[in-house]
Amino acid sequence: MKRVAILISGGGSNMLALARDMAGDHPCRPVLVASNDPQAGGLARAAGMGISTAAVDHRPFGKDRAGFEAALLEPILQARPDILCLAGFMRILTPDFVRRFQGRMLNIHPSLLPKYPGLDTHARALAAGDAEAGCSVHEVTAELDMGPVLGQARVPVLPGDDAASLAARVLVQEHRLYPAVLRRFAAGNRDPLLLR
Ligand code: GAR
């Protein structure tokens with residue numbers, strides 16, 4: 001049984017999709033949900049599912065990323081995760097932190113990588129006139145949003161879309177893609193999964 005820790009910053013709908021999947025017949029179980037925001041809605045949702053939670057507010061650390069990460073590492077190391085899943089975790093991690101979990105840290109990103117790493121992915125896809133958008137799960141490496149892609153799901157861009165309507169359509173696919181990729185990853189399968 002592989003131990004999975006999930007890092008979130010917000011509502012945690014992707015975390016919930018992962019946790020719900022792990023509640024069934026699954027090679028993994030969630031051992032921790034941690035957030036950089038003590039108010040993150042996902043923390044209460046995780047606790048409601050009986051998952052251990054931790055909050056380490058990044059704000060008192062200011063520009064001291066290493067200090068923040070040292071504090072965040074404490075509950076993570078206590079939970080002894082085999083796999084770390086970033087699910088809407090909106091802090092950039094230092095190369096030191098990433099190295100520690102090299103090969104066992106995943107992230108979900110709301111674009112068809114390598115297109116649109118970083119923020120405002122949906123607005124950028126619309127501005128570019130793309131016919132399709134989507135989401136990617138990738139291995140986390142030191143270069144932001146650039147690790148090997150483990151899976152993608154595509155959606156059409158529809159006439160009249162704005163960033164919010166496109167984000168909502170992509171999010172539905174995120175909730176399918178991330179659990180499917182985690183199952184494969186836990187079984188040692190790193191071949192990219194392409195969902196339609
Ligand atoms: C998701 O759309 C996720 O792909 C995105 O934040 C949202 C979190 O939603 N992540 C990033 O933009 C990472 N750069 P959630 O809290 O409901 O899962």
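Quick caveat: nothing in here was measured; it's all calculated off a predicted structure.

## Some words on the pattern of salt bridges
One pass over the full model with this rule turns up 9 salt bridges. Linked by salt bridges that have partners in common, Asp37, Asp57 and Arg59 make up one network.

## A look at the packing of helix H1 (residues 13-22) against helix H2 (residues 41-48)
Relative to each other, H1 and H2 sit at 15°, their axes nearing to 9 Å. The angle between H1 and H2 places the two elements in the roughly parallel class. Taken as a pair, H1 and H2 cross one another with a handedness that is right-handed. Seen from H1, the contacting residues are Ser13, Met15 and Leu16; seen from H2, they are Gly42, Arg45 and Ala46. Here the residues of the contact of H1 with H2 are counted per class, giving 3 nonpolar, 2 polar and 1 charged.

## A few points about the site of the ligand
Near the ligand the following residues occur: Gly11, Gly12, Ser13, Asn14, Gly88, Met90, Ile108, His109, Pro110, Leu171 and Glu174. Gly12 is positioned such that a nitrogen or oxygen atom in its backbone is 2.9 Å from an oxygen atom of the ligand. In the model, an oxygen atom of the ligand is placed 2.7 Å from a nitrogen or oxygen of the Glu174 side chain. Within the complex, the protein chains bury 81% of what would otherwise be the 450 Å² of accessible surface of the ligand. More than half of the atoms of the ligand fall within 2 Å of the grid points belonging to the largest pocket. Elements that contribute at least two residues to the shell around the ligand include exactly H1, strand S5 (105-109) and helix H6 (163-186). The residue inventory of the shell around the ligand, partitioned by class, reads 4 nonpolar, 6 polar and 1 charged.

## A closer look at the packing of aromatic side chains
Within this structure, the stated rule accounts for 2 aromatic pairs. An angle of 45° between the planes, with centres 5.3 Å apart, marks the rings of Phe97 and Phe101 as tilted. Like Phe101, Phe97 is buried.

## So, the UniProt feature "binding site: N(1)-(5-phospho-beta-D-ribosyl)glycinamide" (unreviewed entry) in the protein
When the UniProt feature table is mapped onto this chain numbering, "binding site: N(1)-(5-phospho-beta-D-ribosyl)glycinamide" (unreviewed entry) sits at Gly12, Ser13 and Asn14. Cross-referencing the annotated residues with the lining of the largest pocket gives Gly12, Ser13 and Asn14. Residue placement: Gly12 occurs in the loop between strand S1 (2-8) and H1. For Gly12, a relative accessible area of 10% translates into the label buried. Setting aside residues no more than four positions away along its own chain, Gly12 makes contact with Gly42 and Arg45. Take Asn14: it is sitting in helix H1. Beyond its immediate chain neighbours, meaning those up to four positions away, Asn14 contacts Ala87, Ile108, Leu171, Glu174, His175 and Tyr178.

Each value, and the rule that gives it
- Residues numbered from 1 in each chain as written.
- Predicted model: local features only at pLDDT ≥ 70, side-chain atom pairs only at ≥ 80, totals over all residues.
- Heavy atoms only, no water.
- Salt bridge = Lys/Arg side-chain N within 4 Å of Asp/Glu carboxyl O.
- Axes fitted to C-alpha atoms, helices over the stretch in contact; angles between N-to-C directions.
- Helix = DSSP H or I, 4+ residues; strand = E, 2+ residues; numbered from the N terminus.
- Parallel < 35°, antiparallel > 145°, perpendicular 65-115°, else oblique.
- Left-handed = near helix turned anticlockwise from the far one by under 90°.
- Contact = heavy atoms within 4.5 Å.
- Nonpolar A, V, L, I, M, F, W, Y, C, P; charged D, E, K, R; others polar.
- Near = heavy atom within 4 Å.
- Polar contact = N/O pair within 3.5 Å; in protein donor to acceptor, adjacent residues only side chain to side chain.
- Areas by Shrake-Rupley, 256 points an atom, 1.4 Å probe, with all protein chains shown as cover.
- 1 Å grid on protein atoms, 1.4 Å probe; cavity = no way out; pocket = protein on both sides within 12 Å on 5 of 7 lines; lining within 4 Å.
- Sits in = over half its atoms within 2 Å of the grid points.
- Phe/Tyr/Trp six-rings, centres within 6.5 Å; stacked < 30°, edge-to-face > 60°.
- Buried < 20%, exposed > 50% of the residue type's maximum accessible area, 1.4 Å probe, protein only.
- UniProt positions renumbered as here; feature names shortened; annotations may be inferred.

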